[in-house]
Amino acid sequence: MIEVSDLYKSFDQNHVLKGVNLKVDDGKSMVIIGASGQGKSVILKCLLGLSKPNSGKVLLNGIDPNSAQKNIIRSKVGMLFQGGALFDSLPIWQNVAFRYLHGKQKINADEAKKIAIEKLERVGLKKSFADNFPSELSGGMQKRVALARAIATQPEIIFFDEPTTGLDPIMAQVINDLIRELVVELGVTAVTITHDIQSVRSIADEVSLLHNGIIQWSGILDQLDKSNNEYLKQFIAGSTIGPIETLR
Amino acid sequence: MIGFIAQTGRLFIRLCSFIGELIVFCFRVFANILTPPFFMRAFFSSLLQIGWLSLPVVGITSFFTGAALALQIYAGGARFNAEEVVPSIVAIGMVRELGPVLGGLMVAARVASSIAAEIGTMKVTEQIDALSTLSTDPIKYLVVPRLVAAFLTVPVLVGVGDSIGILGGYVVGVTRLEFNNSIYIINSVNYLEFWDILSGLIKGAVFGCIIALMGCFFGMRCEKGARGVGQATKSAVVSASVLILAANYFLTEIFFSS
């Protein structure tokens with residue numbers, strides 16, 4: 001379970017998060033939507049323990065990711081970064097099996113490669129790509145590799161940061177479907193941040209809209225189109241008229 | 001007037017904050033050197049990148065420096081009939097000063113820039129965040145192997161550079177300045193003391209630490225975008241070069257002032 005309560009985060013005088021509250025039950029997929037620059041990625045960084053909140057509480061399966069126990073929880077978390085964040089200097093299979101090659105989960109390299117190939121095949125990549133380097137793959141393939149790395153160690157929680165950014169609509173849908181399949185198949189708790197409504201409809205069990213540093217609306221996917229929340233209606237319609245200010 | 005004081009104050013605070021950040025970074029790095037896990041593959045890769053691949057640039061620089069030094073000492077020595085000091089001054093000058101300093105500066109230009117650009121790009125493309133989420137400390141994985149590799153390889157590069165520099169002086173001495181082959185070698189060796197060589201190698205080890213630390217520090221605090229990576233690279237090379245020259249003075253003061 002993921003719990004966020006009264007989360008505040010500022011950068012100098014820029015107050016990005018002003019009391020965010022979220023709760024994601026085990027096995028559920030929460031998608032956080034919101035306009036660019038509203039702090040969606042900051043929430044994710046706080047959830048991962050990469051950025052320390054000014055105040056408030058973040059708990060992943062009961063453990064604070066900013067505490068001394070952060071490595072315990074990180075070993076149970078998978079993360080898909082917006083740009084993939086694959087290590088350029090390592091071949092694909094070493095990227096996927098990184099945890100199995102270093103640190104506490106270290107195993108024999110041959111065994112690690114076997115697992116990496118299994119995971120690559122699970123996300124639709126052929127075995128022959130295992131020895132390539134990330135720069136030799138297309139954007140969509142890199143996303144798949146990043147996805148394979150995120151699921152490599154059977155995580156309990158997975159975070160997805162803008163999983164379809166930079167992909168064509170067809171490849172974006174392939175990635176959305178793959179994420180949904182994996183979330184259901186692995187039974188993980190997932191948090192996705194995106195501003196792509198198509199991703200929301202494909203991935204989410206629950207949706208939250210972040211604007212002005214707080215959650216303006218939260219509900220299950222079925223309520224998305226029925227809600228009268230002005231922020232949500234404007235966001236879904238992609239309208240320039242409404243409470244979400246736009247620069248023209 | 002108030003504006004000027006405010007501006008000065010802001011600059012001073014930024015300077016203090018920068019120095020504090022650097023001290024904390026160095027402390028974190030040195031605290032991580034002796035504790036596992038050790039990333040041996042990253043270490044050997046750094047040995048290759050910093051040591052082996054820097055050999056050509058250090059060798060060529062040293063050769064021409066030794067050769068030019070021989071010409072200069074010969075021309076200067078001729079003013080008071082002391083041309084015969086060329087071999088010994090070239091040897092002492094290379095191992096005590098020019099070998100370590102020029103070697104250090106060449107490695108700083110090649111290695112500090114490459115480390116800062118590589119780590120800076122990793123920072124900008126979230127690869128460093130990815131390392132953290134994969135339960136791997138970026139300091140242990142990226143900084144420690146480079147620091148240890150630079151600490152070990154730069155003295156070796158300095159030693160090789162010293163030898164090639166002396167060879168450069170020898171080639172010019174024998175072919176252009178008409179020195180006797182064996183007398184040149186005997187004079188080069190006879191006046192050279194063990195401490196001359198060792199002090200140069202110690203300087204090399206210190207310069208190696210400076211190069212790796214500056215490259216990693218500026219890479220790790222790189223700001224977003226191509227401009228951020230460029231700025232990090234420039235800052236790493238400039239600060240490593242300046243610190244090498246400053247450290248060289250203080251080490252010389254410590255080693256030879258008495």
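Residues numbered from 1 in each chain as written. Chains lettered and ligands numbered in written order. Predicted model: local features only at pLDDT ≥ 70, side-chain atom pairs only at ≥ 80, totals over all residues.

1. A word on the overall build of chain B
Check the secondary structure of chain B and you find 9 helices and 0 strands. Going from N to C terminus, chain B has its helices and strands arranged as α-α-α-α-α-α-α-α-α. Looking at chain B as a whole, 45% of its 258 residues are labelled buried. The contacts in chain B between residues at least 6 apart in sequence include a share of 88% that link residues at least 24 apart. (Helix = DSSP H or I, 4+ residues; strand = E, 2+ residues; numbered from the N terminus. Buried ≥ 20, exposed ≤ 12 C-beta atoms within 10 Å, placed from the backbone. Contact = placed C-beta atoms within 7 Å.)

2. Observations concerning the overall build of chain A
Scanning chain A for helices and strands turns up 9 helices and 9 strands. On C-alpha atoms alone, chain A measures out to a radius of gyration of 18 Å, which is about the 18 Å that the 2.2 N^0.38 rule sets for 248 residues. Seen through its principal axes, chain A has C-alpha atoms that stretch 55 × 40 × 30 Å. Taken over 248 residues, chain A has a buried fraction of 46%. Residue pairs in contact within chain A that sit at least 24 positions apart in sequence constitute 61% of those at least 6 positions apart. (Rg over C-alpha atoms; globule rule 2.2 N^0.38 Å.)

3. Observations concerning the nonpolar core
Grouped together as the largest cluster of nonpolar side chains are 141 residues, with contacts concentrated most on Leu-47 of chain A together with Ala-112 and Ile-211 of chain B. Among the domains, domain 1 (1-76 + 161-248) and domain 2 (79-154) of chain A are the pair contributing at least three residues each to this core. In this structure, Ala-112 of chain B is in contact with Ile-211, Met-214, Gly-215, Ala-236, Val-237 and Ala-240 of chain B, ignoring residues within four places of it in sequence. (Core = buried A, V, L, I, M, F, W, Y, C linked by C-beta atoms within 7 Å. Domains from an automatic or database assignment.)

4. Digging into the environment of Val-85 of chain B
Residues and elements named next belong to chain B. In this fold, Val-85 is placed in the loop between α3 (55-77) and α4 (86-124). Put simply, Val-85 and Tyr-184 are 99 residues apart on the chain and 9.6 Å apart in space, counted from C-alpha to C-alpha. Setting aside its immediate chain neighbours within four residues, Val-85 contacts Ile-73 and Gly-77.

5. Overview of the sheet that holds strand β4 (residues 55-60) of chain A
Residues and elements named next belong to chain A. Ordered in space as β2-β1-β4, the 3 strands form an open sheet in which the pairing is antiparallel. Lying at the two open borders of the sheet, with one neighbouring strand each, are β2 (14-24) and β4. Averaged over neighbouring strand pairs, the angle between their axes works out to 25° when direction is ignored. Bridge analysis of strand β1 (residues 2-11) against β2 gives 8 bridges, and the strand direction is antiparallel. Following the sheet pairing, Glu-3 is matched in β2 by Lys-23. (Pairing = 2+ DSSP bridges. Axes fitted to C-alpha atoms, helices over the stretch in contact; angles between N-to-C directions.)

6. Overview of the pairing of β1 of chain A
Residue and element names in this part refer to chain A. Connecting β1 to the antiparallel partner β2 that follows it, the hairpin turn spans 2 residues, and Asp-12 within it adopts a positive phi of roughly 55°. The sheet contact formed by β1 and β4 spans 5 bridges and is antiparallel. Paired with Glu-3 across the bridge in β4 is Leu-59.

7. Quick word on the pairing of strand β5 (residues 77-80) of chain A
Residues and elements named next belong to chain A. Residues of β5 alternate between two faces, with Val-77 and Met-79 on one and Gly-78 and Leu-80 on the opposite face, all of them buried. Pairing between β5 and strand β6 (residues 157-161): 4 bridges, direction parallel. What sits directly across from Gly-78, in β6, is Ile-158.

8. Observations concerning the domain arrangement of chain A
The figure often quoted for interface size is the accessible area lost as the parts come together. Residue and element names in this part refer to chain A. Segmentation of chain A into domains returns domain 1 (1-76 + 161-248) and domain 2 (79-154). Between the C-alpha centres of domain 1 and domain 2 the distance comes to 25 Å. Facing the 13 residues of domain 1 at the interface are 12 residues of domain 2. Per element, the largest residue contribution to the side of domain 1 that touches domain 2 is 5 residues, and it comes from helix α7 (residues 169-186). When grouped by side-chain class, the residues that make up the side of domain 1 that touches domain 2 number 8 nonpolar, 3 polar and 2 charged. (Nonpolar A, V, L, I, M, F, W, Y, C, P; charged D, E, K, R; others polar.)

9. What about the interface of chain B and chain A?
If you look at the interface, chain B gives 12 residues, while chain A gives 15 residues. Looking at the side of chain B that touches chain A residue by residue, the classes come out as 4 nonpolar, 6 polar and 2 charged.

10. Concerning helix α1 (residues 2-33) of chain B
Side chains three or four residues apart in an α-helix point the same way, a direct result of the helix having 3.6 residues per turn. For α1 of chain B, which comprises 32 residues, the first-to-last C-alpha distance of 47 Å matches the rise-based estimate of 46 Å (1.5 Å per residue) to within 8%. Of all the 32 residues making up α1 of chain B, 1 are buried; the element is thus mostly uncovered. (Expected span 1.5 Å × (residues − 1).)

11. Side note on the environment of Thr-61 of chain B
Residue and element names in this part refer to chain B. Assignment of secondary structure puts Thr-61 in helix α3. Owing to 20 C-beta atoms within 10 Å, Thr-61 belongs among the buried residues under this scheme. C-alpha separation for the pair Thr-61 and Gly-168, spaced 107 residues apart in sequence, amounts to 10.0 Å.

12. Let's talk about unusual backbone geometry
Omega for the peptide link from Pro-36 of chain B to Pro-37 of chain B comes to 5°, which places this bond in the cis form. Here Pro-37 of chain B is to be found in the loop between α1 and α2 (40-51). Within the chain, Ala-85 of chain A stands out as a residue other than glycine whose phi angle is a positive 50°. For Ala-85 of chain A, the position within the fold is in the loop between β5 and α3 (92-96).

13. Re the packing of helix α6 (residues 138-175) of chain B against helix α7 (residues 181-190) of chain B
Residue and element names in this part refer to chain B. Following both chains from N to C, one finds α6 and α7 inclined at 145°, their axes separated by 10 Å at the closest point. Of the two elements, α6 crosses α7, and the hand of that crossing is right-handed. Between α6 and α7, the contacting residues are Ile-166, Tyr-170, Gly-173 and Val-174 on the first element and Asn-181, Tyr-184 and Ser-188 on the second. The residue inventory of the contact of α6 with α7, partitioned by class, reads 4 nonpolar, 3 polar and no charged. (Left-handed = near helix turned anticlockwise from the far one by under 90°.)

14. Digging into the packing of α4 of chain B against α6 of chain B
All names here are of chain B. Where α4 contacts α6, the axes come no closer than 7 Å and their chain directions differ by 145°. When you trace α4 past α6, the crossing you get is right-handed. Here the residues of the contact of α4 with α6 are counted per class, giving 18 nonpolar, 7 polar and 2 charged.

15. Focus on the sheet that holds strand β7 (residues 189-194) of chain A
Residues and elements named next belong to chain A. One open sheet accounts for 6 strands, arranged β5-β6-β7-β3-β8-β9; its pairing is mixed. Sheet topology places β5 and β9 (214-220) at the edges, where each strand pairs with a single neighbour. Averaged over all adjacent pairs, the angle separating strand axes in this sheet is 15°, with direction ignored. By the bridge criterion, 4 bridges tie strand β3 (residues 29-33) to strand β8 (residues 206-211) in an arrangement that is parallel. Residue Ile-33 lies in a different strand from β8, and its bridge partner there is Leu-209. This element, helix α1 (residues 40-48), spans β3, β5, β6, β7 and β8 of the sheet and lies at about 150° to β6.

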